[in-house]
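The lines below spell out each chain.
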Amino acid sequence: REREHQQLLMLNKIGEAVNQSLELDAVLNRALDQVLELMRLESGQVRLIENGQLVLRAARHVSEQFLASEPVIPMGQCLCGKAAQTGQIVAVEDIGKQPLLANTACACERFRSVLSVPVRTADRVVGVIHVATKESRAFDFTERDLLMAVGQQIGVAIEKARLLAQLRK
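(A) Layout of the pattern of salt bridges. Applying the stated criterion across every chain yields a total of 7 salt bridges. Across the pair R57 and D25 runs a salt bridge, and its minimum N-O distance is 2.9 Å. Remark: D25 occurs in helix α2 (residues 24-39) and R57 occurs in strand β2 (residues 53-60); sequence separation between them is 32 residues. Of the charged contacts in the structure, one is a salt bridge between R112 and D94, with a shortest N-O distance of 2.6 Å. Placement of R112 in the loop between α5 (105-108) and β5 (113-120) and of D94 in the loop between β4 (90-92) and α5 is noted, with a sequence separation of 18 residues between them. The partly exposed category is assigned to R112, whose relative accessible area is 33%. According to the relative accessible area criterion, D94 is buried, its value standing at 11%.

Shown next, in the form of structure tokens:
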């Protein structure tokens, strides 16, 4: 029950964070900070689909080399791209045990466990939340469901921010 209580508090905090502003980058940065803090994770990124590709919009605790190597990811490429393309969670407990992932930016950054979750609006995937840790970690179903709920909250905030930007134009 305590864990469920903490997760509900997390969803509430993230809901508050994403609703404090209609400025998209502020929303993404606040939400990412909350996710990392409350899930006790080291690193994360938020990427949004722009012109059919995933564009990095917020990042925490990654190297300059990582940022330079993947400012844009094609749909379907790497873990983020697969989550965005399929609309499904992609979780890897230990990248070191996945030979096909040996040359990815995540492996080069020495991440061991990663979780990529689609960010959704009511009718489509609009981006990905990608979190990682340098320790091996299995993300349980509760954590996955929680991050999916966060992805939906961020999706709603993205739609609000985009509608506001259209109104201003």
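(B) Representation of the packing of aromatic side chains in the model. Per the counting criterion, the structure on display carries 1 aromatic pair. Measuring from centroid to centroid gives 6.4 Å for F66 and F111, while their planes differ by 70°, and the two rings are edge-to-face. Note that F66 is positioned in helix α3 (residues 64-69) and F111 in the loop between α5 and β5, a separation of 45 residues in sequence. For F66, a relative accessible area of 2% translates into the label buried. Here the guanidinium or amino end of R144 rests over the ring plane of F141, the centre of that ring lying 5.7 Å away.

(C) Representation of helix α1 (residues 2-19). With 18 residues, α1 should reach 26 Å at 1.5 Å per residue; the first-to-last C-alpha distance of 26 Å fits that figure. Taken together, the buried positions of α1 are Q7, M10, I14, G15, A17 and V18. The buried side chains of α1 occupy one side of the element, clustering within an arc of 165° when seen end-on. Along α1, exposed side chains directed more than 90 degrees from the buried face belong to E2 and L8. In the core, the buried residues of α1 are packed alongside α2 and α6 (141-168).

(D) Spatial organisation of α6. With 28 residues, α6 extends 41 Å between its outermost C-alpha atoms, agreeing within 8% with the 40 Å of an ideal straight helix rising 1.5 Å per residue. If you check which residues of α6 are buried, you get E143, L146, L147, M148, V150, G151, I154, G155, A157, I158 and A161. Looking at the packing, one finds that the buried side of α6 touches α1, α2, β1 (43-50), β5 and β6 (125-133). Put simply, D140 is the residue that caps the front of α6, since its side-chain oxygen is 3.1 Å from the backbone nitrogen of T142.

(E) Layout of unusual backbone geometry. Residue N51 is not a glycine yet carries a positive backbone phi of 55°. Of note in this structure, H61 is not a glycine but carries a positive phi near 60°. Inspection of the secondary structure assignment puts H61 in the loop between β2 and α3.

(F) Structural detail: the state of the cysteines. Enumeration according to the criterion identifies 0 disulfides in this entry. With no disulfide partner, C78 has as its closest neighbouring cysteine sulfur the one in C106, 5.3 Å distant. For C106, a relative accessible area of 2% translates into the label buried.

(G) Representation of the environment of M39. Assignment of secondary structure puts M39 in helix α2. For M39, a relative accessible area of 5% gives the class buried. Expressed as a C-alpha distance, the spacing of M39 and R110, which sit 71 residues apart in the sequence, is 19 Å. Setting aside anything within four residues of it in sequence, one finds M39 in contact with M10, R137, E143 and L147.

Scoring rules and cut-offs
Residues numbered from 1 in each chain as written. Predicted model: local features only at pLDDT ≥ 70, side-chain atom pairs only at ≥ 80, totals over all residues. Heavy atoms only, no water. Salt bridge = Lys/Arg side-chain N within 4 Å of Asp/Glu carboxyl O. Helix = DSSP H or I, 4+ residues; strand = E, 2+ residues; numbered from the N terminus. Buried < 20%, exposed > 50% of the residue type's maximum accessible area, 1.4 Å probe, protein only. Phe/Tyr/Trp six-rings, centres within 6.5 Å; stacked < 30°, edge-to-face > 60°. Lys NZ or Arg CZ within 6 Å of the ring centre and 35° of its normal. Expected span 1.5 Å × (residues − 1). Arc of directions from axis to C-beta. Contact = heavy atoms within 4.5 Å. Polar contact = N/O pair within 3.5 Å; in protein donor to acceptor, adjacent residues only side chain to side chain. Disulfide = S-S within 2.5 Å.

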